[in-house]
Amino acid sequence: MASYISPEIREKFETLSIDLKNRILEKDERLENLHDLIRVLEDIVREDE
């Protein structure tokens, strides 16, 4: 499965650093809304702790 970033949140996604965008894309998630994006970001934070 390839990652999908909805047009609804694409603008917010593009404001993130390239490293963070790459980490999100590596997760192969389907991000439909801001809630999905926040959930993946929280997962990344937990992984780094």
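On a predicted model such as this, the values are computed, not experimentally measured, just so you know.

Draft legend 1. The arrangement of the overall build of the protein chain in detail. Across its full length, the protein chain carries three helices and two strands. In the protein chain, the proportion of contacts linking residues at least 24 apart, taken out of those at least 6 apart, comes to 45%. As displayed, the protein chain offers around 3,500 Å² of accessible surface, 51% of which is attributable to carbon and sulfur atoms. Separation between the mean location of the 8 positive side-chain charges and that of the 14 negative ones in the protein chain comes to 2 Å.

Draft legend 2. Inspection of the side chain of Ser 6 at higher detail. Residue placement: Ser 6 occurs in the loop between β1 (4–5) and α1 (7–14). Judged by relative accessible area, which is 5%, Ser 6 ranks as buried. Discounting residues that sit within four places of it in the chain, Ser 6 has contacts with Leu 31 and Glu 32.

Draft legend 3. Fine view of the environment of Ile 24. Considering the arrangement of structural elements, one finds Ile 24 in helix α2 (residues 18–26). Ile 24 gets classed as buried once you look at its relative accessible area, which sits at 1%. With residues up to four places along the chain from it excluded, the contact list for Ile 24 reads Ser 3, Phe 13, Leu 16, Leu 31, Leu 37, Val 40, Leu 41 and Ile 44.

Draft legend 4. The nonpolar core, seen in detail. Counting nine residues, the largest nonpolar core consists of Ile 5, Ile 9, Phe 13, Leu 16, Ile 24, Leu 31, Leu 37, Val 40 and Ile 44. Mapped onto this core, the elements with two or more residues apiece are α1 and α3 (34–48). Apart from residues no more than four positions distant in its own chain, Val 40 is found in contact with Ile 24, Lys 27, Glu 29 and Leu 31.

Parameters and conventions
Residues numbered from 1 in each chain as written. Predicted model: local features only at pLDDT ≥ 70, side-chain atom pairs only at ≥ 80, totals over all residues. Heavy atoms only, no water. Helix = DSSP H or I, 4+ residues; strand = E, 2+ residues; numbered from the N terminus. Contact = heavy atoms within 4.5 Å. Areas by Shrake-Rupley, 256 points an atom, 1.4 Å probe, with all protein chains shown as cover. Lys, Arg positive; Asp, Glu negative; His and termini not counted. Charge placed at Lys NZ, Arg CZ, Asp CG, Glu CD. Buried < 20%, exposed > 50% of the residue type's maximum accessible area, 1.4 Å probe, protein only. Core = buried A, V, L, I, M, F, W, Y, C linked by side-chain atoms within 4.5 Å.

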